[in-house]
Amino acid sequence: MMSKISCILYPPTLDYHYLVQRPQQLMKNFSELGIPVFYLNRPSPNSGLQSGIHQINPYFHLFNNIDPSPYLKDIRPVVYYSATAHVDQIMQYNPGLVVFDSVDEPSDEFEAWRPYYHRAVSSADIVITTSEKLYAMARSINPATYLVPNGCDFNYFVQASNKAFPVPDDMQGLTGPIIGYVGVIASWLDFQLIEQLALGFPHCQIVMVGPLYNVSDVPRHPNIHYLGFKAYEQLAAYTQMFDVGIIPFRSSSMVESVNPIKMWEYMASGMPIVTSDLPEANKYGDLVLYSQTYQQFMDNIKLALEHDDQEKRAARIALAQENSWLSRAKQIVNIIEVHLSEKGYNEESVSVPTSASAPAAGPGPTPEAGAGPAPAAGPGPTPAAGPGPTPAAGPGPTPAAGPGPTPAAGPGLAPEAGAVPAPALVPTTDIIPRQPQPPVLQGDFPLYINVLSSYLRFKVTRGVAFQISSGKWRGGLYRVSRTGPSKVSAETGSATIRVIGKAAFRHITLRGQQAVNV
């Protein structure tokens with residue numbers, strides 16, 4: 001029986017190839033279940049991607065600066081979004097069902113999400129949440145709320161188990177045990193803890209893989225190595241070198257709601273994991289060493305280095321395999337199909353566009369990543385109970401839909417069970433709509449920024465006066481009124497563009513990453 005899902009459309013939010021996160025992983029796995037996915041992409045200027053439709057796989061279509069309307073005629077897609085500020089924009093796609101994925105708490109670094117949060121949750125047909133805290137917050141507003149935590153690209157990260165990848169050039173020559181972190185270097189890290197770690201374990205190398213986000217003043221010691229941004233395809237080669245994977249987040253309201261992707265990716269490697277005070281990490285016994293204090297974190301590092309064993313490694317791998325992104329995608333598809341049935345939707349078909357260029361290479365880098373050893377036999381711990389298609393009565397952890405397949409020992413892994421082979425595509429004519437001219441604008445337009453950067457750059461196709469009034473920049477309220485290209489210091493936040501006179505904007509870029517298309 002065909003799925004009731006005609007297609008899943010993800011509005012333009014993240015560059016698909018930069019810092020692969022939950023949205024990219026879920027959309028890719030929906031497509032591997034045979035569901036057409038339209039990912040509306042705004043590639044960064046330095047990505048090299050031209051406007052057009054790029055095919056990641058026969059069901060996954062990357063719309064690079066392309067209007068999807070010609071492919072949505074007579075189709076009411078499932079609109080799946082995660083940026084709260086899109087709540088006022090999603091209806092333009094004429095959705096048959098709206099899914100809001102609540103991935104982070106709208107507080108602290110994500111305070112800019114708060115003005116839109118209640119409407120995003122209350123107006124959605126389905127709300128998916130990644131942690132117990134987010135579940136409790138959303139379910140108090142919308143009873144159609146489900147708990148589906150993050151997961152891992154198991155078949156990728158598990159390959160690092162036998163250290164089959166070449167040693168990265170910038171890790172050659174490192175001696176002693178390696179304590180590693182993969183993810184953005186951001187203000188939610190506890191830098192005092194990282195400094196104590198370097199001083200307390202001088203015989204170890206502290207390796208930090210990821211770009212600097214909204215910080216510049218970071219601990220500097222001979223045994224701390226900041227390796228910078230790495231492409232997604234390189235991450236397993238780095239994490240295969242770790243003896244311990246760490247998640248040293250500082251305590252905050254936002255962090256309390258985090259279900260770390262890197263926890264699952266480290267777990268896929270089998271490596272011991274040491275975390276700070278993260279409620280979502282305190283569920284797995286001695287498979288994840290949870291630390292409430294600095295001293296406990298140090299003690300857990302010592303325990304991980306000296307007393308880990310193959311049985312624990314095997315259990316971590318087994319648990320990670322049960323919590324793959326494909327498992328998560330299956331859970332969400334089941335939930336969506338139940339709600340579509342309740343709304344009376346039957347099976348629909350969608351006109352699948354032919355690739356407009358060579359297939360894209362696949363997911364790019366991720367802010368939270370790990371690597372993983374090959375799975376050993378032996379069960380992992382029983383996952384916590386989780387949501388089925390009916391909303392849970394209260395918050396609680398969720399299980400994956402079931403164990404994934406046993407991966408091969410080396411690189412060429414078979415697809416996970418449940419992936420649907422795609423049929424041959426029928427070529428269509430005029431598959432690339434002509435790129436529309438930028439609209440002529442006058443008035444106020446919302447701007448939402450959630451891109452890793454230190455400054456905001458405005459590109460205007462015709463020189464006009466415009467004003468940016470922001471409420472969450474570093475240093476408080478910032479206003480600028482200029483003509484032509486300009487830049488201002490900025491952090492993640494929201495703002496309003498006030499166009500004085502008429503202007504034709506193509507886009508606004510944020511240090512090479514497109515933030516909004518107006």
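Each remark here, short or long, concerns the structure printed above.
This report concerns the structure included in the present document. These figures come from a predicted structure and were not determined experimentally. (Residues numbered from 1 in each chain as written. Predicted model: local features only at pLDDT ≥ 70, side-chain atom pairs only at ≥ 80, totals over all residues. Heavy atoms only, no water.)

## So, the overall build of the protein chain
So, step 1. Helices and strands together make up the secondary structure of the protein chain, namely 11 helices and 21 strands.
So, step 2. Classification of the 518 residues of the protein chain by burial places 57% in the buried group.
So, step 3. In the protein chain, of all internal contacts separated by at least 6 residues, the share reaching a separation of at least 24 is 74%. (Helix = DSSP H or I, 4+ residues; strand = E, 2+ residues; numbered from the N terminus. Buried < 20%, exposed > 50% of the residue type's maximum accessible area, 1.4 Å probe, protein only. Contact = heavy atoms within 4.5 Å.)

## A word on the sheet that holds strand β10 (residues 205-209)
So, step 1. Read from one edge of the open sheet, six strands run β11-β10-β9-β12-β13-β14, paired in parallel fashion. Strands at the two margins of the open sheet, each flanked by one partner only, are β11 (224-228) and β14 (288-290). When the angles between neighbouring strand axes are averaged without regard to direction, this sheet yields 25°.
So, step 2. Direction of pairing for strand β13 (residues 273-275) relative to β14: parallel, over a ladder of three bridges. Bridge pairing links I273 to V288 in β14.
So, step 3. Sheet strands touched by helix α5 (residues 191-200): β9 (178-182), β10, β11 and β12 (244-247). Its angle to β10, the strand with the most contacts, is close to 145°.
So, step 4. Helix-sheet contacts for helix α8 (residues 261-269) involve β9, β12, β13 and β14, and the interaxial angle to β12 is about 175°. (Pairing = 2+ DSSP bridges. Axes fitted to C-alpha atoms, helices over the stretch in contact; angles between N-to-C directions.)

## Points about helix α11 (residues 325-342)
So, step 1. Over its 18 residues, α11 extends 26 Å from the first C-alpha to the last, a length consistent with the 26 Å expected when each residue adds 1.5 Å.
So, step 2. Within α11 the residues assigned to the buried category are W325, L326, S327, R328, A329, Q331, I332, V333, I335, I336, H339 and L340.
So, step 3. Two residues or fewer after α11 comes G344, characterised by a positive phi angle close to 85°. (Expected span 1.5 Å × (residues − 1).)

## A few points about the sheet that holds strand β3 (residues 52-57)
So, step 1. Pairing within the open sheet is mixed, and its eight strands lie in the order β3-β4-β2-β1-β5-β6-β7-β8. The sheet is open, and its two borders are formed by β3 and β8 (145-147), each paired with just one other strand. If you compare each strand with its neighbour and ignore which way they point, the axes differ by 25° on average.
So, step 2. Where strand β1 (residues 8-10) and strand β2 (residues 37-41) come together, three bridges link them in parallel fashion. Across the sheet, L9 pairs through a bridge with F38, a residue of β2.
So, step 3. Contacts from helix α1 (residues 22-32) reach β1, β2, β3, β4 (60-64), β5 (78-81), β6 (97-102) and β7 (126-129), with the element oriented near 150° to β2.
So, step 4. Here α11 sits on the sheet in contact with β1, β5, β6, β7 and β8, set at roughly 165° to β7.

## A word on unusual backbone geometry
So, step 1. The backbone phi angle of D74 is positive, close to 65°, even though this residue is not glycine.
So, step 2. Counting through the fold element by element, D74 comes out in the loop between β4 and β5.
So, step 3. Residue classification places D74 among the exposed positions, given a relative accessible area of 78%.
So, step 4. In this structure, K163 takes a positive phi of about 55° despite not being glycine.

## With respect to the packing of aromatic side chains
So, step 1. Inspection of the entire model under this criterion finds 14 aromatic pairs.
So, step 2. Grouped by ring-pair contacts, the aromatic residues Y10, Y16, Y39 and F60 constitute a single cluster.
So, step 3. For the cation-ring pair, R328 lies above W264, with the distance from its terminal atom to the ring centre recorded as 5.6 Å. (Phe/Tyr/Trp six-rings, centres within 6.5 Å; stacked < 30°, edge-to-face > 60°. Lys NZ or Arg CZ within 6 Å of the ring centre and 35° of its normal.)

## A short note on the pattern of salt bridges
So, step 1. This structure, assessed with the given rule, holds 13 salt bridges.
So, step 2. E32 is the salt-bridge partner of K28, the closest N and O atoms lying 2.9 Å from each other. In this pair, K28 and E32 both sit in helix α1, four residues apart, roughly one turn of the helix.
So, step 3. Note on K28: relative accessible area 19%, which makes it buried.
So, step 4. By relative accessible area, which is 23% here, E32 ends up partly exposed.
So, step 5. One salt bridge connects D125 with K343, and the closest N-O pair in it is separated by 3.5 Å. Note that D125 is positioned in the loop between α2 (114-123) and β7 and K343 in the loop between α11 and β15 (440-449), a separation of 218 residues in sequence.
So, step 6. You can call D125 partly exposed: its relative accessible area is 26%.
So, step 7. By relative accessible area, which is 44% here, K343 ends up partly exposed.
So, step 8. Among the ionic contacts, a cluster of salt bridges with common partners joins E105, K133 and E256. (Salt bridge = Lys/Arg side-chain N within 4 Å of Asp/Glu carboxyl O.)

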